[in-house]
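Each chain, letter by letter, is given below.
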Amino acid sequence: MSAVTNPATVAECLRVGAGFSQGDRNWIVEQFATLDSRLAAFHADATELEVSVKDREARGQKVTLECWIAGRQKIVTTSGEEDLRAALNDARDDLRRRLNDAKTRQEPRHNKHVREMGQPAAEPATDDPERADAETA
């Protein structure tokens, strides 16, 4: 497994959307700092995060955290917590879980050697005509 030359970080990839100002960005980056270790497996130029809030500070506010990583499906997490800090943390934790689940789904199971060394090469074609007939039958 090769290391990523320019690992993604929250500070580099986060955009603030509706309901937040640029002044809120540093505070949000601090809240999301625990995502850095999970995002480090991806290239910064192929990773985007956007956080937004609807009806901020009101009953029924909704925080949405979206994550785009090249070659993967977009991940969207939401939280309806009434406290803004709790809602941000809830969305962050859900994103971390979903990133872990996506990584687990892509790794080979039950074979540490394959995980570390990569998938084996395809079997070479056989020159034995009887075997070739048996395989096509």
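Up top is the structure these notes are about.
Figured I'd write up the structure that's included with this text. Worth saying up front: this structure is predicted, and the values here are computed from it rather than measured. (Residues numbered from 1 in each chain as written. Predicted model: local features only at pLDDT ≥ 70, side-chain atom pairs only at ≥ 80, totals over all residues. Heavy atoms only, no water.)

**Overview of the overall build of the chain**
Across its full length, the chain holds 6 helices and 4 strands. Written out in order from the N terminus, the α and β elements of the chain read α-β-α-α-β-β-β-α-α-α. The buried share of the chain, reckoned over its 137 residues, is 32%. Sequence-distant contacts in the chain: of pairs separated by 6 or more residues, those separated by 24 or more amount to 51%. On the chain, roughly 9,200 Å² of surface is accessible, and the fraction owed to carbon and sulfur atoms is 46%. (Helix = DSSP H or I, 4+ residues; strand = E, 2+ residues; numbered from the N terminus. Buried < 20%, exposed > 50% of the residue type's maximum accessible area, 1.4 Å probe, protein only. Contact = heavy atoms within 4.5 Å. Areas by Shrake-Rupley, 256 points an atom, 1.4 Å probe, with all protein chains shown as cover.)

**Concerning the state of the cysteines**
In a disulfide, the sulfur atoms of two cysteines are held together by a covalent bond. Enumeration over the complete set of coordinates arrives at 0 disulfides. The structure places no disulfide on C13, whose sulfur is separated from the nearest cysteine sulfur, that of C67, by 8.4 Å. A relative accessible area of 6% places C13 in the buried class. (Disulfide = S-S within 2.5 Å.)

**Here's the deal with the pattern of salt bridges**
One pass over the structure, following the stated rule, counts 7 salt bridges. Note that D24 is salt-bridged to R56, the shortest N-O span being 2.8 Å. Note that D24 is positioned in helix α2 (residues 22-31) and R56 in the loop between β2 (47-54) and β3 (62-69), a separation of 32 residues in sequence. Assessed through its relative accessible area of 15%, D24 is described here as buried. For E66, the salt bridge is made with K74, and the minimal N-O distance between the two is 2.9 Å. The structure contains a network of salt bridges with shared partners spanning R15, E48 and E50. (Salt bridge = Lys/Arg side-chain N within 4 Å of Asp/Glu carboxyl O.)

**Examining the sheet that holds strand β4 (residues 75-79)**
In spatial order, the strands read β1-β2-β3-β4; together these 4 strands make up an open sheet with mixed pairing. The open sheet terminates on both sides in strands that have one partner only, identified here as β1 (14-16) and β4. Adjacent strand axes in the sheet meet at a mean angle of 20 degrees when their direction is disregarded. Where β2 meets β3, 8 bridges bridge the pair, whose relative direction is antiparallel. Its bridge partner being in β3, V51 is matched across the sheet by L65. Sitting on the sheet, α2 is in contact with β1 and β2, with an inclination near 140 degrees to β1. (Pairing = 2+ DSSP bridges. Axes fitted to C-alpha atoms, helices over the stretch in contact; angles between N-to-C directions.)

**Brief notes about the pairing of β2**
For β2, the buried fraction is high: 6 of the 8 residues fall into the buried class. As judged from the 3 bridges shared by β1 and β2, these two strands associate in the parallel manner. Its bridge partner being in β2, R15 is matched across the sheet by E50.

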